[in-house]
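Residue strings, one per chain:
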Amino acid sequence: MSEQLQTTLASQLEETATEYRCRTDLNLYDSPSCTRLATQAATGRHLQVVSLDEDTAVKVYLCEDDYPGWLLMTDISVLEPVVPYQAIALSQAEIKTRLPAVISFTQLAMQQPNYYLWGGTVGPNYDCSGLIQAAFAAVGVWLPRDAYQQEAFTQSITIEELLPGDLVFFGSAQKATHVGLYLRDGSYIHSSGQEMGRNRIGIDWLSEKGDEINRSYYRQLRRGGRVVKSYEPQRKFGVEETSAAKPK
């Protein structure tokens, strides 16, 4: 990047608001080197700019879910200043009425050509928690970004209590590393990975039946989770967070 362009972009940050809206879909990375995708910001999402790193990257937090990442410096040109994001509180009853649309979102996503993308939250390619977050966001319900965060955020339920639209968590005894959306009759839809999954969005079963991929996930089953509220941002601008959320 030229020094003149860097100066111009940095000036835009200093002279306008601290909160911005994306005018196009953007990639966010997990370090200022911007080589590994952390998450994505769909058109219309709000973010806060925290700091610049030399002449390559901008550290930001997405406002709807408090998720950190780094933007390429050149992506500043597609940000526009906006009034601060205000979360909309929803009751459990209101969320329940939107669950059929959440399920429909995932089923329509499955019908599009897609592959598993680590960090993907913008179609057609998602990671597991990115698909879940995008499906709920499409109906105005915000969830945290990563699988283990979504597990902590939802109301814990047993597998026997699962209803359509609930979440299903998988992983080790210590931590959730994978999430799917419960459909019915023991089935769930999820975006599963390249190495141990199907490298796409698909439907599997909460049982030992089926192929080895299905059985592998079932052996990692942790619990169910019910979405009873929409996420409200906890982070205040200017307060740094030291922990990074990795599992998707």
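Residues numbered from 1 in each chain as written. Predicted model: local features only at pLDDT ≥ 70, side-chain atom pairs only at ≥ 80, totals over all residues. Heavy atoms only, no water.

### With respect to the overall build of the protein
Here comes step 1: Helix and strand counts for the protein come out as 5 helices and 13 strands.
Here comes step 2: Within the span of the protein, comprising 248 residues, buried residues form 48% of the whole.
Here comes step 3: Taking as baseline every contact in the protein between residues at least 6 positions apart, the subset at least 24 positions apart corresponds to 59%.
Here comes step 4: Summed over all atoms, the accessible surface of the protein reaches about 11700 Å², with 51% contributed by carbon and sulfur. (Helix = DSSP H or I, 4+ residues; strand = E, 2+ residues; numbered from the N terminus. Buried < 20%, exposed > 50% of the residue type's maximum accessible area, 1.4 Å probe, protein only. Contact = heavy atoms within 4.5 Å. Areas by Shrake-Rupley, 256 points an atom, 1.4 Å probe, with all protein chains shown as cover.)

### Remarks on the environment of Arg222
Here comes step 1: By the element assignment, Arg222 lies in strand β13 (residues 221-226).
Here comes step 2: With relative accessibility at 29%, the residue Arg222 sits in the partly exposed group.
Here comes step 3: Each C-alpha atom of the pair Arg222 and Gly171 lies 6.6 Å from the other, and the pair is 51 residues apart in sequence.
Here comes step 4: There is a polar contact of 2.8 Å between the side chain of Arg222 and the side chain of Glu151. (Polar contact = N/O pair within 3.5 Å; in protein donor to acceptor, adjacent residues only side chain to side chain.)

### Some remarks on the pattern of salt bridges
Here comes step 1: One pass over the structure, following the stated rule, counts 13 salt bridges.
Here comes step 2: Residues Asp204 and Arg198 are paired through a salt bridge, measuring 2.7 Å at the closest nitrogen-oxygen approach.
Here comes step 3: Residue Asp204 is classed as buried on the basis of its relative accessible area, which comes to 2%.
Here comes step 4: Here the salt bridges share partners, and the residues they tie into one network are Arg45, Glu64 and Asp65. (Salt bridge = Lys/Arg side-chain N within 4 Å of Asp/Glu carboxyl O.)

### Quick word on the environment of Thr106
Here comes step 1: Counting through the fold element by element, Thr106 comes out in helix α2 (residues 92-111).
Here comes step 2: Each C-alpha atom of the pair Thr106 and Leu181 lies 8.4 Å from the other, and the pair is 75 residues apart in sequence.
Here comes step 3: Apart from residues no more than four positions distant in its own chain, Thr106 is found in contact with Leu131, Ala135, Leu181, Ile189 and Ile201.

### Here we look at unusual backbone geometry
Among all residues except glycine, the phi angle is most often negative; among peptide bonds, the trans geometry is most common.
Here comes step 1: Following Gly123, the chain continues to Pro124 via a peptide bond in cis, the omega torsion being 10°.
Here comes step 2: With respect to the secondary-structure elements, Pro124 resides in the loop between α2 and α3 (128-137).
Here comes step 3: One non-glycine residue, Cys34, adopts positive backbone phi at about 55°.
Here comes step 4: Note on placement: Cys34 falls in the loop between β2 (26-29) and β3 (37-41).

### Let's talk about the sheet that holds strand β11 (residues 187-192)
Here comes step 1: The strand order across the open sheet built from 6 strands is β8-β13-β9-β10-β11-β12, with neighbouring strands paired in antiparallel fashion. Two strands lie at the open edges of the sheet, namely β8 (155-157) and β12 (200-205), each paired on one side alone. Each strand axis lies, on average, 35° off the axis of its neighbour in the sheet, ignoring direction.
Here comes step 2: Of the strand pairs in this sheet, strand β9 (residues 167-171) and β13 are connected by 4 bridges, and their pairing is antiparallel. Its bridge partner being in β13, Phe170 is matched across the sheet by Leu221.
Here comes step 3: Contacts from α2 reach β10 (176-182), β11, β12 and β13 within the one sheet, and its direction differs from that of β12 by about 115°. (Pairing = 2+ DSSP bridges. Axes fitted to C-alpha atoms, helices over the stretch in contact; angles between N-to-C directions.)

### A closer look at helix α5 (residues 212-219)
Here comes step 1: Buried within α5 we find Asn214, Ser216 and Tyr217. Around the axis of α5, the buried residues are gathered within 160° of arc, so they sit on the same side.
Here comes step 2: Considering only its buried residues, α5 is in contact with β9, β10, β11, β12 and β13. (Arc of directions from axis to C-beta.)

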